[in-house]
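# Descriptive structure summary
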Amino acid sequence: MKQAGYYDESTNGVVVMVEPYSQKQQIQQVVYRILDANLDRAREGLRVIEEWCRFGLNNVQMTSECKQLRQEIASWHTAELRAARDTLCDTGTEITHPQEETRSGIRALLQANFCRVQEALRVLEEYGKLVNSNMGIAFKQMRYRVYTLETNLMGYERHQMLLRARLYLVTSPSENLIGTVEAALKGGLTLIQYRDKNADDTLRLDLAVSLRDLCRNYGALFIVNDRVDLALAVDADGVHLGQQDMPISVARQLLGPQRLIGRSTTNPQEMQQAIADGADYIGVGPVYETPTKEGKAAAGLEYVQYAAQHSTIPWFAIGGIDTSNINDVIDAGASRVAVVRSLMQAEQPTLVTQYLLSQLNRIQSERK
Ligand SMILES: Cc1ncc(COP(=O)(O)OP(=O)(O)O)c(N)n1
Ligand SMILES: Cc1ncsc1CCOP(=O)(O)O
Ligand SMILES: [Mg+2]
């Protein structure tokens, strides 16, 4: 900032008298710098999100919403605000957070950038009010539009991940629950269900939080068995409900349209009902009798064949499936499989995951 009587090289040492900024002007400059920096930040974050909507999802609607928001933000970026920029003196440019250096996957990347955009919009809303009351109103509206975009995009992303998932691990109680799940995630697993029929809620909550964090770190989906309240409490990606559990319509009201709801089915009638009720995926089984679901009669490979021909939503064959019989299940038409013991009791869960996935992926490319 030029002070009165300062020495200016461009005038060969002639002392130039410049009026000092008043305190009011100095504060205005600071506000302008804040607005300038956050206008850039909001647009940059939106651009990152837009690229995924465009190239990753081919989604015209979400891409154009990002673009419109960017253009609206740009329309507030006046020459006056740009002129206040002072990058050399900006102490914030070198400060980074370790989490900015790594991202575990697309979902984490999108989440981080939504956070960045929303923070910037909030700053623009608050400081904008000092400059122009319309600015506060405009940025508040944009912040709500970004929340809607986030809900839609993250929900869409969840459904896309479900479509891509081939192997589903349903957990059973284990002293090494976290270690086993992590080993399977290392093998490429992308869908996990927390299932424990007997634990106290305090333990369930602790384990569900740990598994959710683990899944987020590996970019995998996390589903809770039976309990809608627990799924909501830990911000899970969805819930799995059996025929004796909460009706899908009630769960949908509680969970909203963006979270996933799975339903167990044992016969064609249950399958058609689950589809009509709006399930996102179904379990198909038990294919074979299994001690994990004692007393439940096997639905057999015939039901797998029926599902292959009639299911209009993603479905997972489940019940007694392991490395020795997965190819029979695949031959009956399955392209997605859920397992409990095969992975929870495996000596090397990473290797078993890789093997099961390799069989499911092989058939995938053959069927194309
Ligand atoms: C993927 C998947 N399919 C079926 C089930 C079984 O659900 P349910 O019939 O409610 O039995 P419990 O698992 O609650 O004992 C499942 N959990 N996951
Ligand atoms: C929960 C469930 N629902 C139908 S079969 C089954 C258990 C499958 O367990 P496993 O893979 O150990 O046979
Ligand atoms: Mg259940």
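Criteria and cut-off values
- Residues numbered from 1 in each chain as written.
- Chains lettered and ligands numbered in written order.
- Predicted model: local features only at pLDDT ≥ 70, side-chain atom pairs only at ≥ 80, totals over all residues.
- Heavy atoms only, no water.
- Near = heavy atom within 4 Å.
- Polar contact = N/O pair within 3.5 Å; in protein donor to acceptor, adjacent residues only side chain to side chain.
- Areas by Shrake-Rupley, 256 points an atom, 1.4 Å probe, with all protein chains shown as cover.
- Nonpolar A, V, L, I, M, F, W, Y, C, P; charged D, E, K, R; others polar.
- Domains from an automatic or database assignment.
- Contact = heavy atoms within 4.5 Å.
- Salt bridge = Lys/Arg side-chain N within 4 Å of Asp/Glu carboxyl O.
- Helix = DSSP H or I, 4+ residues; strand = E, 2+ residues; numbered from the N terminus.
- Buried < 20%, exposed > 50% of the residue type's maximum accessible area, 1.4 Å probe, protein only.
- Donors = N, O, S within 2.8 Å, 3.2 Å for Na, K, Ca; no water.
- Core = buried A, V, L, I, M, F, W, Y, C linked by side-chain atoms within 4.5 Å.
- UniProt positions renumbered as here; feature names shortened; annotations may be inferred.
- Pairing = 2+ DSSP bridges.
- Axes fitted to C-alpha atoms, helices over the stretch in contact; angles between N-to-C directions.
- Right-handed = clockwise from strand over helix to strand, strands pointing away.
- Phe/Tyr/Trp six-rings, centres within 6.5 Å; stacked < 30°, edge-to-face > 60°.

Taken together, 13 residues surround ligand 1, and among them Gln193, Arg195, Lys197, Ser264 and Lys293 come closest. Between ligand 1 and Arg195 there is a distance of 2.7 Å, counted from an oxygen atom to a side-chain nitrogen or oxygen. For ligand 1, an oxygen atom lies 2.6 Å from a polar atom in the side chain of Lys197. Contact with the protein chains covers 90% of the free accessible surface of ligand 1, which is 420 Å². Of the residues assigned to the shell around ligand 1, the class counts are two nonpolar, six polar and five charged.

Another point: the domain arrangement of the chain. Bring the parts together and some accessible area is lost; that lost area is often taken as the interface size. Under the domain assignment used here, the chain contains domain 1 (24-159) and domain 2 (166-367). Put simply, the middle of domain 1 and the middle of domain 2, counted by C-alpha atoms, are 38 Å apart. Each side of the interface is counted separately: domain 1 has eight residues, and domain 2 has 11 residues. Run the count over domain 1 and domain 2 and you get two salt bridges. Asp237 is the partner of Arg158 in a salt bridge, and the nearest nitrogen-oxygen pair spans 2.8 Å. Taken together, domain 1 and domain 2 are joined by four residue pairs in polar contact (both at pLDDT 80 or more).

Here the focus is the site of ligand 2. The local shell around ligand 2 consists of Arg195, Pro286, Thr290, Thr292, Lys293, Ile318, Gly319, Gly320, Val339, Val340 and Arg341. Thr290 places a side-chain nitrogen or oxygen 2.7 Å from an oxygen atom of ligand 2.

Between side chains of opposite charge, pairing is possible as soon as their charged atoms come close. One pass over the full model with this rule turns up 22 salt bridges. Note that Arg85 and Asp36 form a salt bridge whose closest N and O atoms lie 2.7 Å from each other. Here Arg85, found in the loop between α3 (79-83) and α4 (98-101), pairs with Asp36, found in helix α1 (residues 23-56); they are 49 residues apart in sequence, far enough to count as distant. Note on Arg85: relative accessible area 39%, which makes it partly exposed.

To continue, consider the coordination of the magnesium ion (ligand 3). Surrounding the magnesium ion (ligand 3) are the protein donor atoms Asp226 (OD) and Asp245 (OD), which sit 2.0 to 2.3 Å from the metal. Remark: Asp245 occurs in the loop between β6 (238-241) and α10 (248-255) and Asp226 occurs in the loop between β5 (221-225) and α9 (228-233); sequence separation between them is 19 residues. A relative accessible area of 22% means that Asp226 is categorised as partly exposed. Taking the relative accessible area as the measure of exposure, Asp245 reaches 25% and is therefore partly exposed.

A few words now on the nonpolar core. In this structure, Leu167, Phe222, Val304, Ala317 and Val337 are the most contacted members of the largest nonpolar core, which totals 70 residues. Excluding its chain neighbours within four sequence positions, the residues that come into contact with Ala317 are Val284, Val287, Val304, Val329, Ala334, Arg336, Val337 and Ala338. If you look at the next biggest cluster of nonpolar residues, it comprises 29 residues, including Leu46, Ile49, Met62 and Leu121.

The feature "domain: Thiamine phosphate synthase/TenI" (unreviewed entry), as given by UniProt, occupies residues 167-342 in the numbering adopted here. This span, residues 167-342, is 40% helix and 19% strand, and a straight line between its end C-alpha atoms measures 11 Å.

So, on to the sheet that holds strand β9 (residues 315-318). Pairing in this closed barrel of eight strands is parallel, and the strands run β3-β4-β5-β6-β7-β8-β9-β10 around the ring. Across this sheet, the average inter-strand angle for adjacent strands is 25 degrees, counted without regard to direction.

For the rest of this paragraph, the subject is unusual backbone geometry. Note that the residue after Gly285, namely Pro286, is joined by a cis bond; omega there is 0 degrees. Residues other than glycine seldom take positive phi values, yet Asp226 does so here, at roughly 70 degrees. The phi angle at Asp235 is positive, at roughly 55 degrees, despite the residue not being glycine. Along the chain, Asp235 turns up in the loop between α9 and β6.

What follows is about the pairing of strand β4 (residues 191-194). It is a general feature of regular strands that their side chains alternate between the two faces of the sheet. Burial of the side chains of β4 extends over both faces: Leu191 and Gln193 are buried on one face and Ile192 and Tyr194 on the other. Across two bridges, the pairing between strand β3 (residues 167-170) and β4 is parallel. Across the sheet, Leu169 pairs through a bridge with Ile192, a residue of β4. Alignment of β4 against β5, held across four bridges, turns out to be parallel. By the bridge assignment for β5, Ile192 is matched with Phe222. This β-α-β element, β4 to helix α8 (residues 201-218) to β5, shows right-handed connectivity.

It is worth spelling out the packing of aromatic side chains at this point. What the rule picks out here adds up to six aromatic pairs. Ring geometry for Tyr281 versus Phe316: centroids 5.6 Å apart, planes at 85 degrees, classification edge-to-face. Placement of the pair is Tyr281 in strand β8 (residues 281-284) and Phe316 in strand β9, with a sequence separation of 35 residues. Phe316 matches Tyr281 in its accessibility class, with the two residues each being buried. In textbook terms, an aromatic cluster arises when at least three aromatic residues are bridged by ring pairs, as seen for Tyr168, Tyr281 and Phe316.

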